[in-house]
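Chain by chain, the residues run as shown.
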Amino acid sequence: MTGQRARFRRRQRLLRWVVLTVVLVFFVLPLLGMLDFTTQGPGGQGRTLETWRTLANVDTISTDYPALREGFLASVGLAVITPVVMLLVLVPTMTWVRLRLPGLSRTVEFICLLPLTVPAIVLVVGLTPVYAWVYYLLGSSTLWLSLAYVVLVLPYAYRSLDAGLRAIDVRTLSEAARSLGASWFTVMWRVVLPNLRTAVLSASFLSVALVLGEFTIANLFSKKNLQVAMYELGKSDAKISVAVGLASLVFAFVVLFAMSFVGSGRAGTSPLARLRRRKEPSA
Amino acid sequence: MSATATAQGTPVQLTDLRRVYGGVAALDGLTLHLEPGELVALLGPSGCGKTTALRCLAGLEDPDSGTIEVGGRDVTGVPTNKRDMGMVFQAYSLFPHMTARQNVEFGLELRGRDRAARRARAAEMLDLVGLSQHADKYAHQMSGGQQQRVALARALAIEPQVLLLDEPLSALDAKVRVQLRDEIRRIQLEVGTTTLFVTHDQEEALAVADRVGVMSVGRLEQLAAPADLYTSPRTPFVADFVGLTNRLRATVSEGRAQVLGGSVPLLEGSAGGPEVVVLVRPEGVTVGPAGDAESGAGSATVVSASFLGGHGRVVARTGSDELVTVQVPNTDVTRYRPGDRVVLGPRGDAALAVSAD
Amino acid sequence: MPFFAYTTVFLLIPTLVVVIGAFLDGDNRFTLGNLDGLTSPSVVRGLVQSLVLSAVTAVGGAVLGGLLAYAVSTARDGSVTKRFVTSLCGVLAQFGGVALAFAFIASFGGTGLLTLLLGKVGISTGTGFWLYEWDRGLMLVYLYFQIPLMLIVFLPAVEGLRPQWREATETLGGTTWTYWRRVAAPILLPSFVGAMLLLFTNAFSAYATAKALVSQGSPLIPLQIGGTFTSEVLLGQENLGKAMALEMVVVVAVVMALYAWLDKRASRWMQR
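Keep in mind that what you see is a predicted model, and the values were worked out from it rather than measured.

Chemist: Is there a simple way to think about the UniProt feature "domain: ABC transmembrane type-1" (unreviewed entry) in chain A in this case?
Modeler: Mapped onto the present numbering, the UniProt feature "domain: ABC transmembrane type-1" (unreviewed entry) falls on residues 72-259 of chain A. Secondary structure content for residues 72-259 of chain A is 84% helix and 0% strand, while the C-alpha to C-alpha distance between its ends is 24 Å.

Chemist: Explain the interface of chain C and chain B here, please?
Modeler: Taken residue by residue, the interface counts 20 residues in chain C and 26 residues in chain B. Both faces considered, chain C and chain B share a buried interface measuring about 2300 Å² in area, 64% of it formed by carbon and sulfur atoms. On the surface where chain C and chain B come into contact, there are 9 residue pairs in polar contact (both at pLDDT 80 or more). At the level of elements, helix H8 (163-171), helix H9 (176-205) and helix H12 (237-271) of chain C are the ones that each hand at least two residues to the side of chain C that touches chain B. Of the residues forming the side of chain C that touches chain B, the biggest block, 7 residues, is contributed by H8(C).

Chemist: Can you help me understand the UniProt feature "transmembrane region" (unreviewed entry) in chain A in this one?
Modeler: Residue and element names in this part refer to chain A. In the numbering adopted here, UniProt assigns the feature "transmembrane region" (unreviewed entry) to residues 14-35, 72-96, 108-127, 133-156, 199-221 and 242-262. Overall, residues 14-35 shows 100% helix and 0% strand. The separation of its end C-alpha atoms is 30 Å. With 87% helix and 0% strand, residues 199-221 has its two end C-alpha atoms placed 32 Å apart.

Chemist: Would you explain empty space enclosed by the protein in this entry?
Modeler: Any empty space left between the atoms is revealed when a probe the size of a water molecule rolls over them. Here the structure, examined in full by the defined rule, presents 3 cavities of 30 Å³ or more. Taken as a whole, the largest cavity spans an internal volume of roughly 880 Å³. Lining the largest cavity are 33 residues, with Tyr156(A), Leu210(A), Gln94(C), Asn202(C) and Ser205(C) sitting closest to its centre. For the lining of the largest cavity, the elements supplying multiple residues, two or more each, are helix H7 (145-168) and helix H10 (197-213) of chain A together with helix H7 (137-159), H9, helix H10 (208-213) and H12 of chain C.

Chemist: Help me understand the interface of chain C and chain A in this model?
Modeler: Interface size, as often reported, equals the accessible area lost upon joining of the parts. Counting residues at the interface gives 79 residues for chain C, matched by 84 residues for chain A. Summed over both sides, the interface between chain C and chain A buries roughly 7400 Å², with carbon and sulfur atoms accounting for 78% of that surface. Contact with chain A buries surface across chain C, with Phe3(C), Phe10(C) and Arg83(C) losing the most and accounting together for 10% of the total. There are 1 salt bridge connecting chain C and chain A. Here Arg5(A) makes a salt bridge to Glu170(C), at a shortest N to O gap of 2.4 Å. Our enumeration of links across chain C and chain A arrives at 6 residue pairs in polar contact (both at pLDDT 80 or more). With 13 residues, helix H4 (residues 80-93) of chain C is the largest single contributor of residues to the side of chain C that touches chain A. For the side of chain C that touches chain A, the per-class residue count stands at 56 nonpolar, 14 polar and 9 charged.

Chemist: Sorry, what's going on with the sheet that holds strand S15 (residues 285-289) of chain B here?
Modeler: Think of a sheet as strands paired side by side through backbone hydrogen bonds, with each pair either parallel or antiparallel. Residue and element names in this part refer to chain B. Read from one edge of the open sheet, 5 strands run S15-S19-S16-S17-S18, paired in antiparallel fashion. Only two strands of the sheet have a single neighbouring strand rather than two, namely S15 and strand S18 (323-329). Ignoring which end each strand starts from, the neighbouring axes of this sheet average 45° apart.

The rules behind each value
- Residues numbered from 1 in each chain as written.
- Chains lettered and ligands numbered in written order.
- Predicted model: local features only at pLDDT ≥ 70, side-chain atom pairs only at ≥ 80, totals over all residues.
- Heavy atoms only, no water.
- UniProt positions renumbered as here; feature names shortened; annotations may be inferred.
- Helix = DSSP H or I, 4+ residues; strand = E, 2+ residues; numbered from the N terminus.
- Contact = heavy atoms within 4.5 Å.
- Buried area = accessible area lost by both parts, 1.4 Å probe.
- Polar contact = N/O pair within 3.5 Å; in protein donor to acceptor, adjacent residues only side chain to side chain.
- 1 Å grid on protein atoms, 1.4 Å probe; cavity = no way out; pocket = protein on both sides within 12 Å on 5 of 7 lines; lining within 4 Å.
- Points joined across faces, edges and corners; volume = space filled by probe spheres on them.
- Salt bridge = Lys/Arg side-chain N within 4 Å of Asp/Glu carboxyl O.
- Nonpolar A, V, L, I, M, F, W, Y, C, P; charged D, E, K, R; others polar.
- Pairing = 2+ DSSP bridges.
- Axes fitted to C-alpha atoms, helices over the stretch in contact; angles between N-to-C directions.

Next up, the structure:
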């Protein structure tokens, strides 16, 4: 094709590939650096897969690196508890506010977005006395960190769920269900939640991602999660630590990339990108 | 220079345009001539190539082959911004960060008009579309209909050689649609700009155009004045598009079709076989009560009768199990109830039939 | 409602602890002494360096990420390119912290892959210590999560540009340059600046990456707060930490208020 439109499109394609290549090189180089580092032989000579073999061997890794095991298990536990607590706190409240107390919606939005202005490091400072009570009342398990993590994910979870609720017209749905004789519990469980599936999923996914990457609060409260374990291990056995970092990154990418193909069919948008979008375009 | 003084208009000639997208021909040898000052509507279902034709004329798409001439000049390779076309899009085309006035002034600004001249022209154009009151509003403060009026004013402000309307009414409410449709025609006649209007709504096309071109799979099926198109559609496709919606089996003899116990003239271009399917308008069928014993060719049973405001509609099932829609005066609707026996018949010469093999 | 109880305990009380604690001395009496502490040279330097680092990486990340967002937006919806880049950025934007610091040490450190490769072609990057300095290494490292974050925040705005606007500009006689200067740029500006502010607070609040990379001194305010938290050096340090925390909250709150205002403007335009 030789028309001016075709020329325009060719130029656009060229620009796209130049920009993408440059940026992707910047993104990939440090990852290659990690791969290179973890496969270096003793004394920086030759190549070896020793580190990765160690990592892949579940039995030895958990006995040889108890700190890593402890941190990993704690993070997995936190990654389960945090989304559950978040959903329990947020979904009924947001639905109820939408149905019965629309006057409160501004307040709820304000509270949920407030953590955006409170950096994690600041939250640590303020949470110290609160956690003194939590430990006193509930014991000093690492898993209680999830209570603070819920606050960290609040803004993102709120936006995701808000977009989901906006899209389904809860009022009509619940009125329809009520007119068919459903109890409020049934309305929540059988009608609202199934329709919020995508929003709940992406809010949970974001919580998991945030929890697995959290360092600040755990470190300053002297609790060992995956990131803290990696940090400490980095001082003694850097290779294993770097390998864990790279593996978790690749894992997260694969999950996200796969999810971009399922999702709700909204083409080309990852769940994360959808979260950041406050208002869905009306078209 | 005033809007009313540009009554000359420019002829437009599209010759043998072809455009293929991934193996599917959107334009398959389209040839179309627009007389100076004429409004031609391209009508067809989505995907028939009408929008591609308009976009080729605008220069927003390149035809694979064929030529485009405006005012005798070949503009096939000329970029859009040098073509001097005013275009109104389906919706949402106003620049959201500019007021109505600024939108209208934009094209004049690009043409280097001074501020005073721009102001005056924009005021004149907004007046022409009846929006003088809203000159300082942004798009999001206006209704869909108002936005499209501004878009029209913006397109006309630059005194384009050709005005292109790409389904400008399809995103609007039914009532606004009719209102704005009539207004577009009034304004177009007033400024006299040669206009190509693309739509999928037959009523719209028939109402505004000097000539209507019905398109199907990249070709022009028929190009004719609205009345001609309505009274003598040349193909079943066109017939269906201009309201011949009853499809009935019939037999043909001596250029007339025997249908519903009566005889109807067949239009030019109909297939000839003795057994055919003909298309008949709801307005071309009569209905009346029948006695119990009646069982002739036109006898049928009422399925439903509905009141539609200005007129009514009866749907009946014939003995040969065909559903026929009949238009009746609104006062007659209550005479028919589902299950009633009725007699149907073609309405004299007002009935038309095109055989669809 | 459990929601309000929960947020009171875990959000409002901590915020109040910081705000009130900033004005209390070691014996819980009201004082402005902690605010005086904020004017000490080391604390001021930490704040200034944090602000500079955040501003530079916000601007750099916004420009590069914005360019990336435009490049991605020209790809077809649902194409593998688009999915790949948005997924990658989704991960990298969250990739702050320990692993990121390791990645850069492994690449740019004294014996890192790139340091050695560059050395082979005759470019010396020195001893590799530049990586641990706040105004060089940290800036590069922060860009690594700022650019992806920009893509995620800004892509919806770029994709909100309607093709009709470009086409309308063209039919009215404008060039591609006209379109960008007169139409696209003004429409995108609020979103762009808003995204940049978000990047600013993102860098300003970041703790983990800096903590993992910088082992000596506390060049940034979050590290200083962390320092007062863990060290038992001086009595009253704890409340100085609260004062610094309050200082951070004030900075972030101002920026977020600006952001909210811009976001409202941007979404007003984008809605129709």
